[in-house]
Amino acid sequence: MTNDTATTTVPLAPGHWTLDPFHSSVNFTIRHLGIAKVRGRFERLEAELFVGERVDDVRVSATVDLASIDTGNADRDAHVRASDLLDVEKRPTMTYRSTRVAGAGEDWTMEGELTIGGVTRPVTLAVEFGGLVEVPMDGSRHAGFEANGEIRRSEFGLDFAPGLLGEVVKIQLDMQFVEPKAA
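What you see is a predicted model, and the numbers here were worked out from it, not measured in a lab.

**Things to note about the overall build of the chain**
Looking only at helices and strands, the chain has 1 helix and 11 strands in total. Taken from the N to the C terminus, the helices and strands of the chain come in the order β-β-β-β-β-β-α-β-β-β-β-β. Relative to the compact-globule value of 16 Å for 183 residues, the chain shows a C-alpha radius of gyration of 18 Å, a close match. Structurally, the chain occupies a C-alpha span of about 50 × 40 × 30 Å along its principal axes. Relative to its full complement of 183 residues, the chain shows a buried share of 40%. Nonlocal contacts in the chain, meaning residues at least 24 apart in sequence, comprise 55% of its contacts between residues at least 6 apart. A distance of 5 Å separates the average location of the 19 positive side-chain charges in the chain from that of its 29 negative side-chain charges.

Rendered as structure tokens:
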């Protein structure tokens, strides 16, 4: 493949790919007291992958329901949802919209805009293409991806509990998308 990603072809069929929510997850890690990591995930998400003929035509959009946070501790989750922390009444969702995709083979980069509570900032994700496989039960084809990145809480107005919670939140996405049906 060429280094000119504008002309690089995409190894997926063109069209609107739909999320397989049963095999996809949005996970995060944040430091607590600067000494340990707390891991969590968001249970409810929607996403779409649009594939064109060229890499420049690829678009990804996703919406995460912030109230669906799960850190493995119901009391902590309720506190994080509350108005003194994440405040899901004012910030019900987190959205991501890609602006540029580049790469080839298994290694890709996706630049985009992440919005939380009306604050939008650029976020770049390192994306690994896991491959494409046909599911034996129904013949559908699924593409798998892992994406990793990080955000700084203060850039989104989430600067509560300094010293208690780390500034950097690491994000890991495991996503499967289902190929559009042929016309």
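**Description of the environment of Val-51**
For Val-51, the location among the structural elements is in strand S4 (residues 45–51). Here the alpha-carbon distance between Val-51 and Leu-66, two residues 15 residues apart in the chain, equals 27 Å.

**Digging into the packing of aromatic side chains**
All told, the structure shown has 3 aromatic pairs when counted by the stated rule. Between Phe-145 and Phe-177, the aromatic rings sit 6.2 Å apart at their centres with planes inclined by 70°, giving edge-to-face as the arrangement. Here the residue Phe-145 occupies a position in strand S10 (residues 141–152), and Phe-177 occupies one in strand S11 (residues 165–178), the gap between them amounting to 32 residues. The residues Phe-145 and Phe-177 share a single accessibility class, namely buried.

Cut-offs used in this document
Residues numbered from 1 in each chain as written. Predicted model: local features only at pLDDT ≥ 70, side-chain atom pairs only at ≥ 80, totals over all residues. Heavy atoms only, no water. Helix = DSSP H or I, 4+ residues; strand = E, 2+ residues; numbered from the N terminus. Rg over C-alpha atoms; globule rule 2.2 N^0.38 Å. Buried < 20%, exposed > 50% of the residue type's maximum accessible area, 1.4 Å probe, protein only. Contact = heavy atoms within 4.5 Å. Lys, Arg positive; Asp, Glu negative; His and termini not counted. Charge placed at Lys NZ, Arg CZ, Asp CG, Glu CD. Phe/Tyr/Trp six-rings, centres within 6.5 Å; stacked < 30°, edge-to-face > 60°.

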